[in-house]
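Take a look at the letters that make up each chain.
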Amino acid sequence: MRPTSSTVLRAPGQSPAGRGCRVYADAPFALAAVHLEVLAGYDDVSDHHPILTVFHLPALRVAVAAAAADRDARKQELAADRVEFKTARIGREIAAGIR
């Protein structure tokens, strides 16, 4: 999950000045979450509290498919950007008489 949005959750008994536990999720993943619960009693393990997250399975499947499609589209964009950059560089080199 990417850190694009966040929700601050506090464990029971944690002071407002204390360290907040955050859940980072892309919008489709956040919308698929149906229950979030901060689990207390893990202070000996970490200063962060684990967060139990329950997802709606069909919505989670849609979110995973959307994330995969976005990742594939971004890869294609990056590949096109690399080709454009190389083409422009070669053009400048030809114009400068280097090639």
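To keep things clear, this report deals only with the structure shown in the data block.

Thresholds, definitions, all that
- Residues numbered from 1 in each chain as written.
- Predicted model: local features only at pLDDT ≥ 70, side-chain atom pairs only at ≥ 80, totals over all residues.
- Heavy atoms only, no water.
- Helix = DSSP H or I, 4+ residues; strand = E, 2+ residues; numbered from the N terminus.
- Contact = heavy atoms within 4.5 Å.
- Areas by Shrake-Rupley, 256 points an atom, 1.4 Å probe, with all protein chains shown as cover.
- Buried < 20%, exposed > 50% of the residue type's maximum accessible area, 1.4 Å probe, protein only.
- Salt bridge = Lys/Arg side-chain N within 4 Å of Asp/Glu carboxyl O.
- Patch = residues over 30% accessible without salt bridge, like charges linked within 9 Å, V, L, I, M, F, W, Y side chains within 5 Å.

If you tally the helices and strands in the chain, you get two helices and four strands. Counting from the amino terminus, helix and strand elements in the chain follow one another as β-β-α-β-β-α. Nonlocal contacts in the chain, meaning residues at least 24 apart in sequence, comprise 34% of its contacts between residues at least 6 apart. Only carbon and sulfur atoms are counted for the fraction: they give 59% of the accessible area of the chain, which is about 7400 Å².

Looking at the element boundaries, Glu93 is found in helix 2 (residues 57-95). Here Glu93 falls in the buried class, since its relative accessible area comes to 18%. In this view, Glu93 contacts Ile98 and Arg99; residues no more than four positions away in its chain are not counted.

Here we come to the pattern of salt bridges. Enumeration according to the criterion identifies three salt bridges in this entry. For the salt bridge of Glu93 with Arg99, the shortest nitrogen-to-oxygen distance reads 2.5 Å. Take Arg99: its relative accessible area is 57%, and that puts it in the exposed class.

Another aspect to go through is a nonpolar patch on the surface. A cluster of nonpolar residues, Val34, Leu52 and Val54, forms a patch on the protein surface that exposes about 230 Å² of accessible area. Judged by relative accessible area, which is 36%, Val54 ranks as partly exposed.

Inspection of the secondary structure assignment puts Val34 in strand 3 (residues 33-38). The spatial distance from the C-alpha of Val34 to the C-alpha of His56 is 6.2 Å, given a sequence separation of 22 residues. Here Val34 is in contact with Val54, Phe55 and His56, once residues within four sequence places are set aside.

None of this, on its own, says anything about what the molecule does.
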